[in-house]
Each structure stands twice: as C-alpha cells, then as structure tokens.
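Survey of secondary and tertiary structure
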Amino acid sequence: MTRLLRYTLLGLLIILGLVGLLIYSVTWRPDAREVLPVSCNVKAPTLVPGQALKVMTWNVQYLAGKRYVFWNDLAQGDDEKPTLEDMAFSLDEVARVIRDEQPDMVLLQELDDGAKASDYQNQFKLLQERVADLYPCSAHAFDWKADFVPEPHIFGSVGRQLATLSRYQIEHAERLQLPVAPANFISRQFKPKNALLVTYLPLSDGGQIAVLNTHLDRVRQPDDTLQAQMTAVAKVLDKYESRGTPWLIGGDFNLLPLGQYRRLPAEQRTPYSADSALHVLWDKYPMIPTNNEASGVDRAQWLTHYPNDPGLNGPDRTVDYLFYSPRIKRVEATVRQDDTLRISDHLPVIARFLLPAAP
C-alpha cells in the first residue's frame, strides 16, 4: 500500500469518525426504562377506591392550529411552521377547553420543547402555567428529541413531549421505550422514539393505579412498526392486569378501529392496514370509543382526527382512544367536537370512570 493511499484511508477514517461523533452529540438515545421526575407544587389529594375519575386525552399538534397543510402531512403541503400568533391562539384555546371540562387527569401528546418549528417554546410549561390551579401534579417525557435534524424542511432542532397533568397525587413516573421504526443506523438516530409515559397514583387503601400516556408512530406506508409497538404496549398492560393493578391508557394510536379503513377514500388509506394492529388491545380490553361506536350509525360523533388536508372539511377518522382495565367501570364518554375543530388536527376524547371499590 502506497503512502498516499494510507494517508487517504486514514483521512477518510478520521472524517467518518468526526461525522459519527457529530451525529452522536446532536441526537438522543433514551434508555429502555427511565425514572422521571414528578412535579407536585402543593399537597394534592389521594385517590380513593370506588371514586369517579374523569380523564381527557388530546393530541394538541404542537399548538399549530388548522390554518396549515404541513410538508409531512398526508396531503404534502408547503407549510413548515406555524406563526407565533397561531400558537398563542391555540394555547389559549387548549387551556379554555381543559378549564371548561376540568378532567381529573389530562393526557397530552405533541407538546414541543426546544423545537425550531415552534420557535423553541416550552409548550408544556406555557400550558401548565394556565392551569396550575387545577393540576398540582404532573410528569412529562420526550418522545422525539435532537439538537439538529438534517431534513431540509426541519434543518434544526426537534423536541416533542408527552405530558400528564393530575389533580391527584402522583407517586412516581417512568418512561418506557417502544420499538422504533426500521431504518439504517444513521437515519434512525434522528427519528422519533415513541414511548409510554407512565404515572402511578396512590390509592388511600395502599394500592395504586397506573395511568399511561402514549403517541404511537405515524407511518407513511404500512409496516411492522405499529404491530411491534402495540405488542409492547399489550405486554405492559398485561403485567398490570396480572398483578391486579388497575390501569388506563390514552393517546394517539395512529390506528383505525374496525370498519373505518374501507370507509376512507383510497388515497387516505395509505398509512393504514385493513387489519388494524389495534386489535391486539381491543381483543382483550375495553376501548373508548368501542368498535360499534366508531363504525356504527352514530360514528360521526366518535371521529377524532381532522387531517390537515384542503380536500377535507371536517373529521373523517378515529385514531385517538382510551383503553382501561376491566376492573374499572366506564360511566360516560364523548369526543368533544363542537368547539375544537380549529385548535388541532385531533379532537379530545373524554371519559368518566369508576375506580374499583376497596376489597
């Protein structure tokens, strides 16, 4: 090997090493399980067995509002970021709806923190300030974070969080990593890291309830990612069920209920499969909305997603749900549609439950 060739190879190795070091330094690799800090700014009450619990889950679309068709939407628009004015409006509207409903627990998805597209706002903090009197306890966890993403439409930082607000005491919280979408080693570093945000609330009799918050992957073409994520979620829930721990989970699952796939126009079916991976949960556990509700005669009132597509004039599918332990009893449930269509591309799902009575 000539000296020139040796120097060339050495130079290439140094360059590759520097590139690898750069990628490592600007991306995020969470552990499979992470203990999270819990914030309780005052002494919150403790849940009592048998009491009612009202829960809301809502993907607030990083407060972007509905005046945009973004580049990563199915409709592939030109917009890359919302204005500060639109985010301020959406922040006020989200706070208004929460204060009006006053659920005991609020499970939020897609709150940005440090993202270039949302002007580096800490949106969880901004919202928390507006409802602090209602929710003394909270926990939050990233499911996408990088100091720099080389995608031309992003070309900067991303930071996306799950957040749970609680009127009641949270004992501890954890982040559980879900399977990630298949990709080569380099591009995988910049992708979302979907997760479960788990909060454990003590009960006055010494027991506890697990409340989970999630946002599953949004795929462009059907693959095994959502099936793997659903299987991982089911294993966690099965563990609680086997231990006798009551639980409930809410979030944006990015999956359709039974019967809705064929109701969508062909061009809107692309991210989905006729055999929804959601059956991994609905086969075993009660779901809100049920398949009968989401695909029955009154299905319009259970639609939760209003895609940013100029060809649509309202919600057209259900992708947001609450699942719960059979030990918990559903009292009532609804999707708040009448005054939320301009706030986010998702609508809040709200339900009231009865916790298991003391043995």
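Looking at an unreviewed UniProt entry, one finds the protein named Endonuclease/exonuclease/phosphatase family protein and attributed to Pseudomonas nunensis.

To continue, consider the overall build of the protein. When helices and strands are tallied, the protein shows 7 helices and 14 strands. Here the C-alpha atoms of the protein give a radius of gyration of 21 Å, agreeing with the 21 Å that 2.2 N^0.38 yields for 359 residues. Along the longest, intermediate and shortest principal axes, the C-alpha atoms of the protein span 80 × 50 × 40 Å. Here the protein holds 359 residues, and 53% of them are scored as buried. A separation of at least 24 residues holds for 75% of the contacts in the protein among residues at least 6 apart in sequence. A gap of 5 Å separates the mean positions of the 38 positive and 43 negative side-chain charges of the protein.

Before going further, it helps to examine the UniProt feature "domain: Endonuclease/exonuclease/phosphatase" (unreviewed entry) in the protein. Using the residue numbers shown here, the UniProt feature "domain: Endonuclease/exonuclease/phosphatase" (unreviewed entry) corresponds to residues 56–346. Within the segment residues 56–346, helix and strand shares are 20% and 27% respectively, and the terminal C-alpha atoms sit 12 Å apart.

Below, the discussion takes up the pattern of salt bridges. Enumeration over the complete set of coordinates arrives at 17 salt bridges. In this structure, Arg-330 and Glu-293 form a salt bridge, with 2.7 Å as the shortest nitrogen-oxygen distance. Of this pair, Arg-330 sits in strand S13 (residues 329–335) while Glu-293 sits in helix H7 (residues 291–295); the two residues are 37 residues apart in sequence, bridging distant segments of the chain. Look at the salt bridges and you will find they share partners, linking Lys-54, Glu-93, Arg-96, Asp-100, Glu-101, Arg-336 and Asp-339 into a network.

This part is about unusual backbone geometry. Cis geometry marks the peptide bond from Ile-288 to Pro-289; its omega dihedral reads -5 degrees. Phi angles above zero are rare outside glycine, and Gln-76 is one such case at about 50 degrees. Mapping Gln-76 onto the fold places it in the loop between strand S3 (52–59) and helix H2 (84–101). On the accessibility criterion, Gln-76 (56% relative accessible area) is exposed. For Tyr-120, which is not a glycine, the phi torsion comes out positive at approximately 60 degrees. Structurally, Tyr-120 can be placed in the loop between strand S4 (105–112) and helix H3 (123–131).

Read across the open sheet, the 7 strands follow the order S1-S7-S8-S9-S10-S12-S11; overall the sheet is mixed. The open sheet has two free edges, formed respectively by strand S1 (33–36) and strand S11 (287–288), since each of these has just one partner strand. Bridging between S11 and strand S12 (residues 320–324) involves 2 bridges; their strand directions are antiparallel. Across the sheet, the residue bridging to Met-287 is Phe-323, located in S12.

One pass over the structure, following the stated rule, counts 1 disulfide. Across a sulfur-sulfur distance of 2.0 Å, Cys-40 and Cys-137 are joined as a disulfide pair. Handedness of the Cys-40-Cys-137 disulfide follows from its S-S torsion of about 115 degrees: it is right-handed. You can see Cys-40 sitting in strand S2 (residues 39–40) and its partner Cys-137 sitting in strand S5 (residues 137–149), a full 97 residues away along the chain.

Take the packing of aromatic side chains next. The description of two aromatic rings rests on the distance between their centres and on the angle between their planes. This structure, assessed with the given rule, holds 10 aromatic pairs. For the pair Phe-253 and Phe-323, a centre-to-centre distance of 5.5 Å together with 65 degrees between the ring planes defines the contact as edge-to-face. Highlighted residues: Phe-253 in the loop between strand S10 (247–252) and helix H6 (279–282) and Phe-323 in strand S12, separated in sequence by 70 residues. Of the two residues examined, Phe-253 and Phe-323, each falls in the buried class. Aromatic ring contacts, followed pair by pair, group Tyr-62, Tyr-68 and Phe-70 into a single cluster. Cation over ring: Arg-269 sits above Tyr-261, and NZ or CZ is 5.2 Å from the ring centre.

Spatial ordering of the open sheet is given by S2-S5-S6-S4-S3-S14-S13, a layout of 7 strands whose pairing is mixed. Strands with a single pairing partner mark the edges of an open sheet, and in this sheet they are S2 and S13. In this structure, S13 lies alongside strand S14 (residues 349–354), joined through 6 bridges in antiparallel fashion. The partner of Ala-333 across the bridge, within S14, is Ala-351. On the sheet, H2 packs against S3, S4 and S14 and is oriented at approximately 165 degrees with respect to S3. In the packing of H3 onto the sheet, contacts are made with S4, S5 and strand S6 (156–166), and the angle to S4 comes to roughly 145 degrees.

Quick notes on the rules
- Residues numbered from 1 in each chain as written.
- Predicted model: local features only at pLDDT ≥ 70, side-chain atom pairs only at ≥ 80, totals over all residues.
- Heavy atoms only, no water.
- Helix = DSSP H or I, 4+ residues; strand = E, 2+ residues; numbered from the N terminus.
- Rg over C-alpha atoms; globule rule 2.2 N^0.38 Å.
- Buried < 20%, exposed > 50% of the residue type's maximum accessible area, 1.4 Å probe, protein only.
- Contact = heavy atoms within 4.5 Å.
- Lys, Arg positive; Asp, Glu negative; His and termini not counted.
- Charge placed at Lys NZ, Arg CZ, Asp CG, Glu CD.
- UniProt positions renumbered as here; feature names shortened; annotations may be inferred.
- Salt bridge = Lys/Arg side-chain N within 4 Å of Asp/Glu carboxyl O.
- Pairing = 2+ DSSP bridges.
- Disulfide = S-S within 2.5 Å.
- Phe/Tyr/Trp six-rings, centres within 6.5 Å; stacked < 30°, edge-to-face > 60°.
- Lys NZ or Arg CZ within 6 Å of the ring centre and 35° of its normal.
- Axes fitted to C-alpha atoms, helices over the stretch in contact; angles between N-to-C directions.

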